[in-house]
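# What the coordinates show
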Amino acid sequence: DTAVSQTPKYLVTQMGNDKSIKCEQNLGHDTMYWYKQDSKKFLKIMFSYNNKELIINETVPNRFSPKSPDKAHLNLHINSLELGDSAVYFCASSQGPPAYEQYFGPGTRLTVT
Amino acid sequence: GQNIDQPTEMTATEGAIVQINCTYQTSGFNGLFWYQQHAGEAPTFLSYNVLDGLEEKGRFSSFLSRSKGYSYLLLKELQMKDSASYLCAVRALRSYNTDKLIFGTGTRLQVFP
């Protein structure tokens, strides 16, 4: 009965590789988000989708490409990984814009070596 | 610009009361959230204030003064399990479809016996 799930939980990869993180929510929410939390625990929004439409893109490098096949899923693909991409990536969802209470997934800890 | 300030760390004793402050400067303010994040886990929703005043929810209360750009989270009857980071997040309204949460860096609270 997990509300927001992410896979994988841990991801260790080398610089230059391409990787994907998947997110699914079973709450029936319309809006989904990707956040990045760096080593200083600062949580910053990257993208937001509402009903599969991109509504927020926070000046994230083009190497990051979100995809929402339907409103219950939001995936994040990262090309040409760099050391600075190492962080915890959280997916979240909320009921319809404007964003109200957001439910977060368990996070994906990405380590780039 | 947008700026959210919280103390980095606080300590308190089990059974005591602690107040975690948050000051913010942001355009298009549309509410303030408090989230709790235990180490290695996802943030979870604690409270939401959009009007001035105090919102009480069990042992936790949250206060907002929009004119002063100030909020606090009050935790009563502290328990060991309250040791966590507490994130203040401002809801910045850009348009109906694209408001977003801007998080502070969080306050790490340690509760001692």
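So, here's what we can say about the structure.

Scoring rules and cut-offs
- Residues numbered from 1 in each chain as written.
- Chains lettered and ligands numbered in written order.
- Predicted model: local features only at pLDDT ≥ 70, side-chain atom pairs only at ≥ 80, totals over all residues.
- Heavy atoms only, no water.
- Helix = DSSP H or I, 4+ residues; strand = E, 2+ residues; numbered from the N terminus.
- Rg over C-alpha atoms; globule rule 2.2 N^0.38 Å.
- Buried < 20%, exposed > 50% of the residue type's maximum accessible area, 1.4 Å probe, protein only.
- Phe/Tyr/Trp six-rings, centres within 6.5 Å; stacked < 30°, edge-to-face > 60°.
- Pairing = 2+ DSSP bridges.
- Axes fitted to C-alpha atoms, helices over the stretch in contact; angles between N-to-C directions.

## What about the overall build of chain B?
- Secondary structure assignment for chain B yields zero helices and 11 strands.
- Written out in order from the N terminus, the α and β elements of chain B read β-β-β-β-β-β-β-β-β-β-β.
- For 113 residues, the compact-globule formula gives about 13 Å, and the C-alpha radius of gyration of chain B, at 14 Å, lands near that figure.
- Considered along the principal axes of its C-alpha atoms, chain B spans approximately 45 × 30 × 20 Å.

## Thoughts on the environment of Lys-68 of chain B
Residue and element names in this part refer to chain B.
- Counting through the fold element by element, Lys-68 comes out in the loop between strand E7 (60–65) and strand E8 (70–75).
- Residue classification places Lys-68 among the exposed positions, given a relative accessible area of 67%.
- Here the alpha-carbon distance between Lys-68 and Leu-78, two residues 10 residues apart in the chain, equals 27 Å.

## Brief notes about the packing of aromatic side chains
- The tally for this structure, following the rule as stated, stands at 16 aromatic pairs over all chains.
- Aromatic pair Tyr-35 of chain A and Phe-103 of chain B: ring centres 5.7 Å apart, planes at 90 degrees, arrangement edge-to-face. Pair noted here: Tyr-35 of chain A is in strand E4 (residues 31–37) and Phe-103 of chain B is in strand E10 (residues 100–103), and the two residues belong to different chains.
- A relative accessible area of 2% places Phe-103 of chain B in the buried class.
- Pairing Phe-104 of chain A with Phe-103 of chain B gives two aromatic rings, centres 6.3 Å apart and planes at 75 degrees, and the pair type is edge-to-face. You can see Phe-104 of chain A sitting in strand E10 (residues 103–104) and its partner Phe-103 of chain B sitting in strand E10, one on each of two chains.
- Judged by its relative accessible area of 9%, Phe-104 of chain A is buried.
- Put simply, the rings of Tyr-33, Tyr-35, Phe-90 and Phe-104 of chain A together with Phe-33, Tyr-35, Phe-45, Tyr-48 and Phe-103 of chain B pair up and form one aromatic cluster.

## Quick word on the sheet that holds strand E3 (residues 19–25) of chain A
Residues and elements named next belong to chain A.
- Taken in spatial order, the four strands of this open sheet run E1-E3-E8-E7, and their pairing is antiparallel. In the strand order of this sheet, the two ends are held by strand E1 (4–7) and strand E7 (64–70), each with one partner. For this sheet, the mean angle separating the axes of adjacent strands, direction not counted, is 20 degrees.
- As paired elements, E7 and strand E8 (residues 73–78) share five bridges and run antiparallel to each other. By the bridge assignment, Lys-67 is partnered in E8 with Asn-75.

All quantities given are derived from atomic positions and should not be read as evidence of function.
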